[in-house]
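Read off the chains here:
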Amino acid sequence: RCLLFVVPAECGLCKLRRQVMLKVNVIGIGPGNPDLLTEAARRAIADSTILAGDKRMVSQFANGKKVYPTIKLSELSKAVANADEEKDIIGILVSG
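Keep in mind the model is a prediction, meaning the values are calculated, not measured.

Undergrad: Account for the overall build of the protein chain, naming residues and giving values.
TA: Within the protein chain one finds three helices and five strands. For the protein chain, the N- to C-terminal ordering of α and β elements is β-β-α-β-α-β-α-β. A buried classification covers 33% of the 96 residues belonging to the protein chain. Here the contacts in the protein chain between residues at least 6 apart in sequence split such that 45% fall between residues at least 24 apart.

Undergrad: Go over the confidence of the model for the protein chain with me, naming the residues and quoting the values.
TA: Do not read the fine detail of predicted coordinates wherever pLDDT is low. Overall, the prediction assigns the protein chain a mean pLDDT of 79, with 78% of residues at 70 or greater. Of all the helices and strands in the protein chain, strand β1 (residues 2-11) carries the lowest mean pLDDT, 47, while helix α1 (residues 39-47) carries the highest, 93. When the criterion is pLDDT under 50, residues 1-7 qualifies, and its contacts beyond four places in sequence or with other chains add up to 30 contacts. Counting interchain partners and residues more than four positions distant, the pLDDT-below-50 stretch residues 9-16 has seven contacts.

Undergrad: Quick rundown of the environment of Val26? Include the residues and the values.
TA: Secondary-structure assignment places Val26 in strand β2 (residues 14-28). Judged by relative accessible area, which is 60%, Val26 ranks as exposed. Linking Val26 and Gly91, residues 65 residues apart in sequence, is a C-alpha distance of 5.9 Å. Discounting residues that sit within four places of it in the chain, Val26 has contacts with Ile92 and Val94.

Undergrad: Quick rundown of the side chain of Lys65? Include the residues and the values.
TA: Within the secondary structure layout, Lys65 lies in the loop between α2 (55-61) and β4 (66-68). It turns out Lys65 is buried and unbridged, and the closest side chain with the opposite charge, Asp47, is 7.5 Å from it. Discounting residues that sit within four places of it in the chain, Lys65 has contacts with Ile45, Ala46, Ser48, Thr49 and Leu51.

Undergrad: Explain the pattern of salt bridges residue by residue, including any values.
TA: A complete count under the given rule lists two salt bridges for this structure. The residue Arg56 makes a salt bridge to Asp54 at a minimum N-O spacing of 3.8 Å. Arg56 gets classed as partly exposed once you look at its relative accessible area, which sits at 44%. By relative accessible area, Asp54 is classed as partly exposed at 31%. Among the salt bridges present, the one from Asp88 reaches Lys66, with a minimum N-O distance of 3.5 Å.

Conventions adopted
- Residues numbered from 1 in each chain as written.
- Predicted model: local features only at pLDDT ≥ 70, side-chain atom pairs only at ≥ 80, totals over all residues.
- Heavy atoms only, no water.
- Helix = DSSP H or I, 4+ residues; strand = E, 2+ residues; numbered from the N terminus.
- Buried < 20%, exposed > 50% of the residue type's maximum accessible area, 1.4 Å probe, protein only.
- Contact = heavy atoms within 4.5 Å.
- pLDDT = per-residue confidence, 0-100.
- Lys, Arg positive; Asp, Glu negative; His and termini not counted.
- Salt bridge = Lys/Arg side-chain N within 4 Å of Asp/Glu carboxyl O.

Here is the structure:
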């Protein structure tokens, strides 16, 4: 559930990389109907402060959370770069 990310950060004239340890949940939402979510998926979504995933997926569960409607790694890195290591939990929604 915890992943280590290396995030580039600008520092004056040089570029530094910092390691970020964040809690990340990859959450299976089945066919996308909220009524069909497992209890574990519901808890993981509720616990997440940041949600990322396809636009149609995150729109159903946005309720006051920071949302990144994308599955592109370059966009997900923005979510990681803006996350607070102490407070944030990233939920990545997947379907199928």
